[in-house]
Protein chains: 2
Amino acid sequence: MILKTNRKSLVEQVAEQIEQLIEQKHWKVGDKLPPEMELIEEFDVSRNTLREAVRALVHAGLLETKQGSGTIVRSTSALDAALKRHVKKSTMLETLEVRLALEKQAAQMAAERRTESDLIDLEVCINNCKEASAKKDLEQFISSDIQFHKTVVAASNNQLLIDLYENMTEVLFSFVQDFMTIEPLFPFEQGIHLELFKAIQKQNKESAAAYVENDMEVLKESIIKILKE
Amino acid sequence: MILKTNRKSLVEQVAEQIEQLIEQKHWKVGDKLPPEMELIEEFDVSRNTLREAVRALVHAGLLETKQGSGTIVRSTSALDAALKRHVKKSTMLETLEVRLALEKQAAQMAAERRTESDLIDLEVCINNCKEASAKKDLEQFISSDIQFHKTVVAASNNQLLIDLYENMTEVLFSFVQDFMTIEPLFPFEQGIHLELFKAIQKQNKESAAAYVENDMEVLKESIIKILKE
DNA sequence: CCGCATTTGTTCGTATGTATC
DNA sequence: GGATACATACGAACAAATGCG
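Residues numbered from 1 in each chain as written. Chains lettered and ligands numbered in written order. Predicted model: local features only at pLDDT ≥ 70, side-chain atom pairs only at ≥ 80, totals over all residues. Heavy atoms only, no water.

## Some details on the domain arrangement of chain A
Interface size is commonly expressed as the accessible surface area that is lost when the partners come together.
Part 1 of the reasoning: Parsing chain A into structural domains produces domain 1 (10-79) and domain 2 (90-228).
Part 2 of the reasoning: For domain 1 of chain A versus domain 2 of chain A, the separation of C-alpha centres amounts to 34 Å. (Domains from an automatic or database assignment.)

## Quick notes on the relation of the copies chain B and chain A
Part 1 of the reasoning: Mapping chain B onto chain A calls for a screw motion: a turn of 180° about the axis and a shift of 0.1 Å along it, with 0.6 Å RMSD after fitting. Both chain copies can therefore be described as sitting about a two-fold axis.
Part 2 of the reasoning: Comparing contact sets, 100% of the residues at the interface of chain B also lie at the interface in chain A, consistent with an isologous, same-surface contact. (Least-squares fit on C-alpha atoms with pLDDT ≥ 70 in both. Contact = heavy atoms within 4.5 Å.)

## Observations regarding the confidence of the model for chain A
Parts of the prediction with low pLDDT should not have their coordinates interpreted in detail.
Residue and element names in this part refer to chain A.
Part 1 of the reasoning: Confidence along chain A averages 85 in pLDDT terms, with 90% of residues attaining 70 or more.
Part 2 of the reasoning: Element-level mean pLDDT values for chain A span from 81 in helix α8 (residues 159-180) up to 95 in strand β2 (residues 70-73).
Part 3 of the reasoning: Note that residues 1-6 has pLDDT below 50 and, in this model, 13 contacts with residues that lie over four places away or in other chains. (pLDDT = per-residue confidence, 0-100. Helix = DSSP H or I, 4+ residues; strand = E, 2+ residues; numbered from the N terminus.)

## Comments concerning the pairing of β2(A)
All names here are of chain A.
Part 1 of the reasoning: Side chains Thr71 and Val73 project from β2 onto a buried face, and the interleaved Gly70 and Ile72 project onto a face without burial.
Part 2 of the reasoning: Direction of pairing for strand β1 (residues 63-66) relative to β2: antiparallel, over a ladder of 4 bridges. From the neighbouring strand, glutamate 64 faces β2, where its bridge partner is isoleucine 72.
Part 3 of the reasoning: Counting the residues in the hairpin turn of β1 and β2 gives 3 residues, including glycine 68, whose phi is positive at 85°. (Buried < 20%, exposed > 50% of the residue type's maximum accessible area, 1.4 Å probe, protein only. Pairing = 2+ DSSP bridges.)

## Here's the deal with the interface of chain B and chain A
Part 1 of the reasoning: Listed by partner, the interface residues are 39 residues for chain B and 39 residues for chain A.
Part 2 of the reasoning: For the interface between chain B and chain A, the tally reads 4 salt bridges.
Part 3 of the reasoning: Here Arg55(A) and Glu52(B) are joined by a salt bridge, their closest N and O atoms 1.7 Å apart.
Part 4 of the reasoning: Summed over the shared surface of chain B and chain A, the number is 12 residue pairs in polar contact (both at pLDDT 80 or more).
Part 5 of the reasoning: Every element with two or more residues in the side of chain B that touches chain A is listed here: α1 (10-23), α3 (47-60), α4 (78-89), α5 (92-113), α8 (159-180) and α10 (205-228) of chain B.
Part 6 of the reasoning: When residues in the side of chain B that touches chain A are grouped by element, the largest group, 12 residues, is from α5(B).
Part 7 of the reasoning: In terms of residue class, the side of chain B that touches chain A is made up of 18 nonpolar, 9 polar and 12 charged. (Salt bridge = Lys/Arg side-chain N within 4 Å of Asp/Glu carboxyl O. Polar contact = N/O pair within 3.5 Å; in protein donor to acceptor, adjacent residues only side chain to side chain. Nonpolar A, V, L, I, M, F, W, Y, C, P; charged D, E, K, R; others polar.)

## A word on the nonpolar core
Part 1 of the reasoning: Counting 32 residues, the largest nonpolar core has Val98(A), Leu102(A), Leu164(A), Val98(B), Leu102(B) and Leu164(B) as its most contacted members.
Part 2 of the reasoning: Where this core is concerned, the elements lending two or more residues are α4 (78-89), α5 (92-113) and α8 of chain A together with α4, α5 and α8 of chain B.
Part 3 of the reasoning: In contact with Val98(B), not counting residues within four places along its chain, are Leu102(A), Asn158(A), Leu160(A), Leu161(A), Leu164(A) and Met168(B). (Core = buried A, V, L, I, M, F, W, Y, C linked by side-chain atoms within 4.5 Å.)

## As for the pattern of salt bridges
Part 1 of the reasoning: Under the defined criterion, the tally for this structure stands at 20 salt bridges over all chains.
Part 2 of the reasoning: For Asp80(B), the salt bridge is made with Lys84(B), and the minimal N-O distance between the two is 3.4 Å. Of this pair, Asp80(B) and Lys84(B) both sit in helix α4, separated by 4 residues, roughly a single helical turn.
Part 3 of the reasoning: Note on Asp80(B): relative accessible area 2%, which makes it buried.
Part 4 of the reasoning: Take Lys84(B): its relative accessible area is 26%, and that puts it in the partly exposed class.
Part 5 of the reasoning: One salt-bridge network, held together by shared partners, links Glu36(A), Arg47(A) and Arg51(A).

Structural data, given as structure tokens:
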């Protein structure tokens, strides 16, 4: 499960391994890490070495330590943590605009490169949305909606784009979620899903981009409305 | 210049201050930091404390220490470092595509929001390019060209977009630079500059986006050509 | 509320390796 | 090669916060 360290600085090695274990979801966000003593045995290093590795990850924003309590996972990756911190200084609208930029490009690339498998994945998402809409299950609808957008981006086949989009979406989601519980803004709209799907299916770059732009415009208006309250 | 530390962990405070000083360009990338003893006096902390702060920043990718030589600045921010590491795992084309997404959106937003001051800045960049072109000064031309693109993005007035674009450009630039010295690909092209400027001036979103797309397509072809060799 | 075990935080010392002059 | 300074890793002791019975 846990490899013995080899060369390089021991601290770096331990930190890297912990980072990987987090990225690989062995320890998920919110989870409490095993106490120092256990980790010392597993990694077979001294307490100081382990503590320094942990401290590095704390500074990077991946972990958070609490005296007497334990160490918990805060972010899934260094990029994630850095983006979170950075995005916090930005406004929601700025984040939204960047997300639009990424998704628009992704939709165009998806239209060019989509495989049959991508189309099947998208159809599954659309059906999930319909299902949630029929059941009036808002939570499922939102998560299915997000999944649909992510699947579009995934079809772009550009990992960097996918990772950046993931972060923009996460921040936006946690923001929207706070207000969604008070008053659901989305009346289970899903027309755009089908239109965008068709555009990607027909490999029509321009209209794919247009639908994303349209969808985003609606979301933007909603957020502006929320912010004004 | 350098504030005395207050509360929190001393290490965190020192690390934060160093981080800020780097972000504020007090120490630029490539610069060598003052020797430990000087920093100890300036921050008024113990050697161990300072060393730990430096180590945290090394792990974050902002600094690099070399025994006997000293510590040098590697990145301008944590986001920068995290993106660099992430981008390294991506291909050049993926980076280029993300850059296109960001710049296209930025150009559209610039067309909408540009101020008179933005237009003046852009004109300066264009003139610098012309000048470099006349002098056949490739280095100046490239840096002026990059400056022009950055100025377009800056006119979008979206700080998050600006910061992300900065990173995409940096990586791309260091890549292009390696091959540029061997054989200059760009025959000092600058037609696009003027066209894009006019589109932004006239606040024509669509044609601004189109010019960026066009420009990027040319760059993409060049890079594909390089990669094939 | 107290006392205790658990867990992280801090600081010291020591040994060994390594770069530089 | 020797001397010096620095880096790395380990260990131990004590402090402080937390949670539980």
